[in-house]
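Working through the structure, step by step
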Amino acid sequence: MNTKNIIFYVAILVLTAAAPFLFPDFRTQLATLWLMIVVAMTWDMTGGQMGYNSLGNIFFYGTGMYVAAVISIGMVHDVGAYTDAGRLELMTFTERQYFVGALVGIIGAGLFCSVTAVVIGYVTFGLRGPYFAIGTLGVAIATGELVSNWTWVGGGQGISLPVYPGNFDVGKLFFYYLFAGTGVVLFMFLKWLYSTRFGAAINAIRDDEEKAEAMGIHTLRYKLTTWAMAAFFVGVVGGISGFQLIHFEPLETAYQTINLGIFMVVCVLLGGKGTLWGPIIGAVLFHIVKEVTWNYFLGWQWVALGALIVITVVYFQDGVMGWLTHRKPERFGIRADDKKAAETGAAQ
């Protein structure tokens with residue numbers, strides 16, 4: 001890594017650490033931005049790098065919420081009694097119980113989602129193209145309906161977790177750094193992963209799975225591993241979101257297929273599939289558009305979102321990163337003669 005890259009990454013880390021102090025009135029929005037970055041990067045692991053476009057990654061987000069809640073509550077109280085709508089007893093948590101429960105619950109959520117991804121993957125990875133996308137979407141929708149009718153975890157009324165035991169503004173900082181820390185760790189992990197033989201293998205699956213199988217690549221193993229790793233990080237941020245929101249419901253908050261489930265896909269399409277920085281750029285741009293339209297053009301936000309999707313698909317099919325690569329190839333280490341040779345070869 002050259003000096004310019006080191007300076008660039010250090011500057012990003014410094015900005016990340018300082019952002020909630022530079023913009024104290026937008027700490028919650030900044031935390032949500034990092035949530036969008038994480039879910040976009042994890043979606044691109046399978047959709048962009050491996051070529052399996054999932055519409056059901058929201059399953060891991062919602063499941064992470066519930067697993068983290070059940071673990072943290074179960075360490076102190078009976079879960080069924082705690083979620084009983086008719087209970088009269090006040091069930092409290094000490095400060096230590098809150099933080100220990102949150103830590104164990106969030107990690108447990110990630111691990112549970114990884115295992116679940118392997119189990120579901122054995123069935124869904126037998127599907128290809130739109131069938132895989134619809135199959136994963138069906139899993140997310142069905143799970144949301146099942147959880148909304150499961151009274152042990154609160155049913156349709158959802159779950160209320162304990163409030164952060166401290167100053168409200170400190171709580172905002174706490175959740176911001178949890179999201180940001182997860183995002184930084186995920187970025188560093190993916191930057192390394194995509195440079196290894198594992199990254200080359202999942203790219204080979206994306207380009208031509210039959211040829212990759214013929215070359216000796218155990219495609220199912222790579223697909224399951226990739227989805228399990230993505231599910232871990234989605235489950236983690238799902239668990240963090242549960243504690244940040246305090247109260248969440250199964251259909252409107254946890255398994256929100258028509259909101260966050262679609263947003264993560266749009267972020268990747270906007271930034272550029274199959275690139276390291278594309279999902280991050282897409283998440284930042286999408287989050288800015290979403291916050292502006294939701295706050296200043298309420299009632300037209302879905303029109304703006306639809307217009308953004310149409311513009312992206314029609315004019316930026318390769319996303320912002322793809323457009324920049326074509327416009328300024330030298331900025332990305334592509335020489336003009338190499339680009340011309342590649343285009344000539346493609347034409348032949």
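Quantities reported herein were computed from a predicted structural model and do not represent experimental measurements.

About the cut-offs
- Going along each chain's sequence as written, the residues are numbered from 1 onward.
- Thresholds applied to this predicted model are a pLDDT of at least 70 for local features of residues and 80 or more for the giving and counting of side-chain atom pairs; totals over whole chains, interfaces and linings are not thresholded and use all residues.
- Neither water nor hydrogens contribute to the side-chain values; these are computed over all heavy atoms in the structure.
- Segments assigned H or I by DSSP are reported as helices when at least four residues long, segments assigned E as strands when at least two residues long, and all are numbered from the N terminus.
- The size measure is the radius of gyration over C-alpha atoms, and the globule rule it meets is 2.2 Å times the number of residues to the 0.38 power.
- Burial classes: relative accessible area under 20% of the type maximum marks a residue as buried, over 50% as exposed, and values in between as partly exposed (1.4 Å probe, protein chains only).
- Any pair of residues with heavy atoms lying within 4.5 Å of one another is described as a contacting pair.
- Each accessible area is a Shrake-Rupley estimate made with a 1.4 Å probe; only the visible protein chains count as cover when residues are assessed.
- The charge count includes Lys and Arg as positive and Asp and Glu as negative, but it does not include His or the ends of the chains.
- A charge is said to be at NZ when it belongs to Lys, at CZ for Arg, at CG for Asp and at CD for Glu.
- Using only the protein atoms, space was sampled on a 1 Å grid; points where a 1.4 Å probe fits but cannot get out form cavities, open sets with protein on both sides within 12 Å along at least five of seven lines form pockets, and lining residues are those with an atom within 4 Å of a point.
- Grid points are joined across faces, edges and corners, and a volume is the space filled by probe spheres set on the points.
- Classification used: nonpolar for Ala, Val, Leu, Ile, Met, Phe, Trp, Tyr, Cys and Pro, charged for Asp, Glu, Lys and Arg, polar for all others including Gly.
- Throughout, an axis means a line fitted to C-alpha atoms (over the contacting stretch in the case of helices), and angles, computed between N-to-C directions, take values from 0 to 180 degrees.
- Working rule for angles: under 35 degrees goes down as roughly parallel, over 145 as roughly antiparallel, 65 to 115 as roughly perpendicular, anything else as oblique.
- Crossing handedness follows the turn of the near helix against the far one: under a right angle anticlockwise gives a left-handed crossing, and clockwise gives a right-handed one.
- By definition, pLDDT measures how confident the predictor is in each residue, and it falls between 0 and 100.
- Here the expected length of a helix is defined as 1.5 Å per residue gap, with one fewer gap than residues.

1. Remarks on the overall build of the protein chain
- When helices and strands are counted, the protein chain shows 16 helices and two strands.
- Against the 2.2 N^0.38 benchmark of 20 Å for 348 residues, the protein chain shows a C-alpha radius of gyration of 21 Å, consistent with a compact globule.
- Looking at the protein chain as a whole, 46% of its 348 residues qualify as buried.
- In the protein chain, the share of contacts with a sequence separation of at least 24, taken over all contacts with a separation of at least 6, comes to 80%.
- As displayed, the protein chain offers around 17700 Å² of accessible surface, 66% of which is attributable to carbon and sulfur atoms.
- One way to put it: in the protein chain the 20 positive side-chain charges average out to a point 11 Å from where the 21 negative ones average out.

2. A few points about the layout of surface pockets
- If you add up the space inside the largest pocket, you get close to 1400 Å³.
- Lining the largest pocket are 40 residues, with Ile 12, Leu 33, Ile 37, Ile 280 and Val 284 positioned closest to its centre.
- Per-element tally for the lining of the largest pocket: the top contributor is helix H13 (residues 278-296), with nine residues.
- Tallied by class, residues from the lining of the largest pocket come to 29 nonpolar, eight polar and three charged.
- Elements represented by at least two residues in the lining of the second largest pocket include exactly helix H2 (27-47), helix H7 (168-193), helix H10 (219-245), helix H12 (260-271) and H13.
- Counting residues per element, the lining of the second largest pocket draws most heavily on H2, which supplies seven residues.
- Considered class by class, the residues forming the lining of the second largest pocket number 15 nonpolar, 11 polar and four charged.

3. A short note on the packing of H2 against H7
- The geometry of H2 relative to H7 is characterised by a closest axis approach of 9 Å and an angle of 25 degrees between their N-to-C directions. When the axes of H2 and H7 are compared, the pair comes out roughly parallel. As H2 runs across H7, the sense of the crossing is left-handed. Together, Arg 27, Thr 28, Leu 30, Ala 31, Trp 34, Leu 35, Val 38, Met 41, Thr 42 and Met 45 of H2 and Asp 169, Lys 172, Leu 173, Tyr 176, Phe 179, Ala 180, Thr 182, Gly 183, Val 184, Leu 186, Phe 187 and Leu 190 of H7 make up the contact between the two elements.
- Along the lines of polarity and charge, the residues of the contact of H2 with H7 split into 15 nonpolar, four polar and three charged.

4. Overview of the confidence of the model for the protein chain
- The predicted model of the protein chain averages 89 in pLDDT, with 93% of residues at 70 or higher.
- Residue range residues 339-348 is modelled with pLDDT below 50. Its contacts to residues more than four positions away, or to other chains, number three contacts.

5. A look at helix H3 (residues 58-74)
- Over its 17 residues, H3 runs 24 Å from end to end, which matches the ideal 24 Å to within 8%, given 1.5 Å per residue.
- Taking burial as the measure, the 17 residues of H3 include 14 buried ones, the bulk of the element.

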